[in-house]
Amino acid sequence: MTSLLLACVYAGLMGPASGQTAQNISNYSSTAEKDCRKLKGGSADDDGGTRICPGPSGLVVVVSEGDLRETVSVGRNAKEASSEPAAKAWFGPFSSTTPTIEWRRTAKDKPPFAMIQRWHLADIEDEGKDGRPIAKQLLVLTRLQPGSAYSAEVGTGSANRIRANSENAVCHVAYIDVKANANPNDLAREAADTIARDFKCGTDRVQVMGASGRAVKLALPR
């Protein structure tokens, strides 16, 4: 009887939280140029530009490149996405993203609450045999609540320097160093399920999940 009671108490304490995380699912979309529409071209100097890509639940992804650095943001349309803090969240090193976005959602008929994407940050202190900087891989977790009304102080620098009047916006939440961790994708999903929805853009600092490595050091402001 005692064992049964303890088991019931344990289930009551652990069940809802574990179940909430366990039921979350992922689906994927592409930001490859062939799957997107070009909004504007870049200059001959930086080969940049902006493209808009379809996402789930009527959302769109806006990928912009300038000075060999990318930003990725989400909204119900290009204007909304371009107004979110994530649209100004570029890194100091030259950077680019992989064309796959992982979306986290509570069920397949529910809108996503976070996205995960792999970034490549150029490390000028680590050159290959060809003299080019070797890219370090970083998973970036971004919280989603497109369409929130806010007024951002648009500045330069890293994502966690951006301030917004509203805490409910699209912004970077956590960084996961791919090389430094044996299970970076699991860490990113865990962070998405546990901290993304309560993260306050413009107030909370971007968190480092798992072990820190060179990619994280390149991502964070000095």
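Residues numbered from 1 in each chain as written. Predicted model: local features only at pLDDT ≥ 70, side-chain atom pairs only at ≥ 80, totals over all residues. Heavy atoms only, no water.

A few points about the confidence of the model for the protein chain
Of all residues in the protein chain, 77% have pLDDT values of 70 or greater, and the mean over the chain is 83. Counting contacts from residues 1-20, a segment whose pLDDT is below 50, to residues more than four positions away or on other chains yields three contacts. pLDDT under 50 marks residues 147-165. Its contacts with residues more than four places away, or in other chains, come to 47 contacts. (pLDDT = per-residue confidence, 0-100. Contact = heavy atoms within 4.5 Å.)

Considering the state of the cysteines
Throughout the structure, instances matching the rule amount to two disulfides. Each sulfur of the disulfide joining C36 and C53 lies 2.1 Å from the other. Disulfide C36-C53: torsion about the S-S bond near 105 degrees, hence right-handed. Of this pair, C36 sits in the loop between β1 (25-30) and β2 (37-41) while C53 is found in strand β3 (residues 49-54), placing the two residues 17 residues apart along the sequence. Overall, the relative accessible area of 16% leaves C36 in the buried class. Between the sulfur atoms of C171 and its disulfide partner C201 the distance amounts to 2.0 Å. A torsion of -80 degrees about the S-S bond marks the disulfide between C171 and C201 as left-handed. Taken as a pair, C171 in strand β11 (residues 171-177) and C201 in the loop between α3 (184-194) and β12 (207-209) lie far apart in primary sequence, 30 residues in all. C201 carries the same exposure label as C171, and that label is buried. (Disulfide = S-S within 2.5 Å. Helix = DSSP H or I, 4+ residues; strand = E, 2+ residues; numbered from the N terminus. Buried < 20%, exposed > 50% of the residue type's maximum accessible area, 1.4 Å probe, protein only.)

Structural notes on the pairing of strand β8 (residues 133-143)
Strand direction decides the pairing type here: strand β7 (residues 114-127) and β8, joined by eleven bridges, are antiparallel. Each bridged residue has a counterpart across the sheet, and for M115 the counterpart in β8 is T142. As consecutive antiparallel partners, β7 and β8 are separated by five residues, and within that stretch G131 has a phi angle of approximately 85 degrees, a positive value. For β8 and β11, the ladder comprises six bridges, and the chain directions are antiparallel. Among the inter-strand pairings, L139 is bridged to a residue of β11, identified as I176. (Pairing = 2+ DSSP bridges.)

Considerations on unusual backbone geometry
In the Ramachandran plot, S57 falls in the positive-phi region, its phi being about 55 degrees despite a non-glycine side chain. Assignment of secondary structure puts S57 in the loop between β3 and β4 (60-66).

Focus: the sheet that holds β3
The strands that make up a sheet are held in pairs by hydrogen bonds between backbone atoms, and each pair lies either parallel or antiparallel. Read from one edge to the other, the open sheet built from four strands follows the order β2-β3-β4-β5, with strand pairing classed as antiparallel. Where the open sheet ends on each side, the last strands, each with one partner, are β2 and β5 (69-75). For this sheet, the mean angle separating the axes of adjacent strands, direction not counted, is 15 degrees. Note that β2 and β3 share four bridges and pair antiparallel. The residue bridging K40 from the neighbouring strand is T50, located in β3. (Axes fitted to C-alpha atoms, helices over the stretch in contact; angles between N-to-C directions.)

Observations regarding the pattern of salt bridges
Evaluation of the coordinates by the stated rule reveals eleven salt bridges. For R104, the salt bridge is made with D193, and the minimal N-O distance between the two is 2.6 Å. Placement of the pair is R104 in strand β6 (residues 95-105) and D193 in helix α3, with a sequence separation of 89 residues. Judged by its relative accessible area of 7%, R104 is buried. Salt-bridge contacts for R214 lead to D123; the nearest nitrogen and oxygen are separated by 2.9 Å. Within this pair, whereas R214 is found in helix α4 (residues 214-219), its partner D123 is found in strand β7, the two being separated by 91 residues in sequence. Owing to a relative accessible area of 27%, R214 belongs among the partly exposed residues under this scheme. Connected via shared salt-bridge partners are D123, E125, D126, K136 and R214. (Salt bridge = Lys/Arg side-chain N within 4 Å of Asp/Glu carboxyl O.)

Observations regarding the packing of aromatic side chains
Tallying each qualifying case throughout the model produces two aromatic pairs. Between F91 and W119, the aromatic rings sit 5.2 Å apart at their centres with planes inclined by 85 degrees, giving edge-to-face as the arrangement. Pair noted here: F91 is in the loop between α2 (78-83) and β6 and W119 is in strand β7, with a separation of 28 residues, a long-range link. Both residues of the pair, F91 and W119, count as buried. One aromatic cluster in this structure is built from F91, W119 and Y175. Taking the ring centre of F113 as reference, the NZ or CZ of R197 above it sits at 3.9 Å. (Phe/Tyr/Trp six-rings, centres within 6.5 Å; stacked < 30°, edge-to-face > 60°. Lys NZ or Arg CZ within 6 Å of the ring centre and 35° of its normal.)

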